Amino acid sequence: GHADILDEEAACPEEEHRRLDATLEKTRIQTLFLEKRVAERLSEDDAAIFHTHLMILEDRSFLDKIRRYLDQGVSASHAVKRVVGEYIEAFGRMDDPYLRERAADMEDIGRRLLGNLAGQENHVLLQLKSPGILVAREILPSDMACLDHEQVRGIVTEVGERNSHAVIMAKSLGIPALVGVRGVTRLAVSDKNAILDANSGCFYLNPTVRIIEEYRRLEEDCGRELHRLDEFRDLPAETRDGVRIILRANVGLVSDIDVATRNGAEGVGLYRTEFPYMARSDFPDREDQYQLYRKVVEGFAGHPVTIRTLDIGGDKALPYFTPPKEDNPFMGWRSVRVSLDNRDIFRTQIEAILMAATHGPVKILFPMISGLEEIDACKKVMEEARQSLRREGVPFAETVPFGVMIEVPAAARIASMLAPEVDFFALGTNDLIQYLLAADRNNPLVNRYYDPLHPAVLQVLNEVTRVAKRFGKGVCLCGEMASDPLNFLVLVGLGIREFSMPSPFIPRTKAFLRDFSSLTARKAAREVLVMGETAKIRSHLIKMVKEIENIA
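These numbers were taken from a predicted model, which means no experiment stands behind them.

Colleague: How do you make sense of the overall build of the protein when you look at a structure like this?
Modeller: Summing up its helical and strand segments, the protein has 25 helices and 13 strands in all. Relative to a compact globule of 552 residues, whose C-alpha radius of gyration would be 24 Å, the protein shows 25 Å and is just as compact. Principal-axis analysis of the C-alpha atoms gives the protein an extent of 75 × 70 × 45 Å. A buried classification covers 52% of the 552 residues belonging to the protein. A separation of at least 24 residues holds for 65% of the contacts in the protein among residues at least 6 apart in sequence. Total accessible area on the protein is roughly 25500 Å²; 51% of this is exposed by carbon and sulfur atoms. Averaged over its 72 positive side-chain charges, the protein has a centre that lies 5 Å from the centre of its 84 negative ones.

Here it is in structure tokens:
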């Protein structure tokens, strides 16, 4: 637009450099204030996001990019817009929701920098006069920090990711949030009645009396239910007939530790390490990684933590590590393939994991393995890592169990050849299902083909589990699949005894477990394994789960 042209013409670079430095200083002070405020209200972990913001504001490559524009005579605000825009675009292109989320952080930082450059006073705290549901185009972490949490009953936004930092913060405050509701800001008029049901993803504007009554009843039930789930937190997870099941958490952020322990997770079955790599402009060094992993290991006091090595590439680019352009990144250069082509980065990460393993039980997990060659290569890198730590005299754990993700159909097919080489299998159902059924689960055109109860999926899971048992190896299922009771019943029936899931699902899974016996589960698995149609499998399981709930 016309304004942009004026905006681009800067008076003099020296002046713009001065403005930028003053603004950076002001924004850093603001960020520290936000960090302190959130740490007091929530926890250190929730405040960590602002620490990330601070790191970005002090980040060499981020600042150099802006300063290079200033040297070319671009105005400070335009330079900030451009550089922030480049980062947002890089993050936004990624497939991993976690990483897409970094875009919101960049946007948050950009918005505060531009506000300060324009000399706007600190954005006013969002004051709500009375308790209500907040409807906004988007909520960024700094908004969450400034909100009066007592008054906010729920949050609905037009844009955003389910795993956004703001949503994670809302969760730990116990505020229900619904994101990605298109057009909601246009429809929601203030002072109207509204009901937000974040569980089912429904937002009712001006609900009818019947709906209101229904939700009043639900609220009462819910209170009772929470009370009941509370009792489960410290009980062991076991079936009605006393078969012990281990429920661990999937984590990726330091703030997940607290949520996981609150939900009674027995350690971590999948720690995604990409996240710390995202928030910065260069690969974190060994010490940084070690300190981070150590924090997670110590946070789960004695429960095992399974750390998955870097799973980037293809769909997940890092801002400082751009993968080649690929037509089909899912089938391309991703995950362990990237790691094995960048040995030094890979070895550094493994060294940090081995060092952290001196602080508690750690397992190491390699993603996207498709054959024995990669297992050999990973073992080699592990041995090199041990040797280099030995040479430096750095303490590390000599023996760390290591496993592979079974998420490529090839690996499932030769599971009996892989089993003797590893300590455990982790079933990565999200990718496994999408590769088996050639259906991208994020593509609305084919997501009806993406179905965890497809006979092929159940056959493969059954086969891999039996192989693991035959070789006496552990098997843990990490994937969204386990958080649905229908699937969970079958999985227990297949003989899977260890699961890793988003931690809020743990208490209800535990409660559901106590309602059925391992025999019922085995019967369910036996019966559906001979069925050839997904719809029949699903209705059979629905019937069984209904019976279970009636008996309970």
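Colleague: Quick question: what am I supposed to make of unusual backbone geometry here?
Modeller: Backbone phi values are negative for most residues with the exception of glycine, while trans is the configuration of most peptide bonds. In the Ramachandran plot, Asn206 falls in the positive-phi region, its phi being about 50° despite a non-glycine side chain. Phi at Met368 is positive, roughly 60°, even though this residue is not glycine. Of note, Met368 is situated in the loop between β9 (362-366) and α17 (372-392). What makes Met368 buried here is its relative accessible area of 2%.

Colleague: Explain the packing of aromatic side chains to me, please; I cannot follow it from the model alone.
Modeller: Two aromatic rings, taken as a pair, are described by how far apart their centres are and by the angle between their planes. Counted according to the given criterion, the structure contains seven aromatic pairs. On the basis of an interplanar angle of 85° and a centroid distance of 5.9 Å, the ring pair of Tyr271 and Tyr293 is categorised as edge-to-face. With Tyr271 in strand β7 (residues 268-272) and Tyr293 in helix α14 (residues 286-299), this residue pair connects regions lying 22 residues apart in the sequence. Residues Tyr271 and Tyr293 agree in their burial class; the two are buried. Pairing Phe488 with Phe499 gives two aromatic rings, centres 4.8 Å apart and planes at 55°, and the pair type is tilted.

Colleague: It is not clear to me how the sheet that holds strand β3 (residues 177-178) should be interpreted in this structure. Could you clarify?
Modeller: In a beta sheet, neighbouring strands are held together by backbone hydrogen bonds and run either parallel or antiparallel to one another. Strand order in this open sheet of three strands is β1-β2-β3, and the pairing throughout is parallel. One side of each edge strand has no neighbouring strand; the edge strands of this open sheet are β1 (132-136) and β3. Where strand β2 (residues 152-157) meets β3, two bridges bridge the pair, whose relative direction is parallel. Directly across from Val156, in β3, lies its bridge partner Leu178.

Colleague: I would appreciate a short explanation of the pattern of salt bridges in the present structure.
Modeller: Side-chain pairs of opposite charge can arise where the charged atoms are in close proximity. Using the criterion set out here, one finds 25 salt bridges in the structure. The partner of Glu266 in a salt bridge is Arg244, and the shortest N-O contact between them spans 3.0 Å. A residue pair is termed long-range when its members are at least 10 positions apart, and Glu266 in the loop between α12 (255-262) and β7 and Arg244 in the loop between α11 (209-233) and β6 (246-251) qualify at 22 residues. On the accessibility criterion, Arg244 (36% relative accessible area) is partly exposed. Among the salt bridges present, the one from Arg386 reaches Glu383, with a minimum N-O distance of 2.9 Å. Residue Arg386 and its partner Glu383 are both found in helix α17; the two are separated by three residues, about one turn of the helix. For Glu383, a relative accessible area of 31% gives the class partly exposed. Via salt bridges that share partners, Glu383, Arg386, Arg390 and Glu398 belong to a single interconnected network.

Colleague: What's the story with the pairing of β2 in this structure? I'm lost.
Modeller: Two faces belong to every sheet, and in a regular strand the side chains alternate between them. Counting buried positions along β2 gives five out of six residues, so the element sits mostly inside the fold. Direction of pairing for β1 relative to β2: parallel, over a ladder of five bridges. Directly across from Ala136, in β2, lies its bridge partner Thr157. In this fold, β1 hands off to helix α8 (residues 141-146), which returns the chain to β2; that crossover is right-handed.

Colleague: Quick question: what am I supposed to make of the nonpolar core here?
Modeller: Buried together is how nonpolar side chains tend to be arranged in soluble globular proteins. Ranked by size, the top nonpolar core spans 98 residues in total, and within it Phe425 and Phe499 carry the most contacts. With residues up to four places along the chain from it excluded, the contact list for Phe425 reads Val404, Ile406, Ala415, Leu418, Ala419, Val464, Val467, Ala468, Gly474, Val475 and Cys476. With 27 residues, the next largest nonpolar core counts Phe62, Tyr69, Val84 and Tyr87 among its residues.

Colleague: I'm lost on the side chain of Asn250 in this one. Help?
Modeller: Structurally, Asn250 can be placed in strand β6. A relative accessible area of 9% means that Asn250 is categorised as buried. Looking at Asn250, its side chain comes within polar contact range of the side chain of Ser500, at 2.6 Å. Here Asn250 is in contact with Leu270, Arg272, Cys478, Ser500, Met501 and Pro502, once residues within four sequence places are set aside.

Conventions we followed
Residues numbered from 1 in each chain as written. Predicted model: local features only at pLDDT ≥ 70, side-chain atom pairs only at ≥ 80, totals over all residues. Heavy atoms only, no water. Helix = DSSP H or I, 4+ residues; strand = E, 2+ residues; numbered from the N terminus. Rg over C-alpha atoms; globule rule 2.2 N^0.38 Å. Buried < 20%, exposed > 50% of the residue type's maximum accessible area, 1.4 Å probe, protein only. Contact = heavy atoms within 4.5 Å. Areas by Shrake-Rupley, 256 points an atom, 1.4 Å probe, with all protein chains shown as cover. Lys, Arg positive; Asp, Glu negative; His and termini not counted. Charge placed at Lys NZ, Arg CZ, Asp CG, Glu CD. Phe/Tyr/Trp six-rings, centres within 6.5 Å; stacked < 30°, edge-to-face > 60°. Pairing = 2+ DSSP bridges. Salt bridge = Lys/Arg side-chain N within 4 Å of Asp/Glu carboxyl O. Right-handed = clockwise from strand over helix to strand, strands pointing away. Core = buried A, V, L, I, M, F, W, Y, C linked by side-chain atoms within 4.5 Å. Polar contact = N/O pair within 3.5 Å; in protein donor to acceptor, adjacent residues only side chain to side chain.

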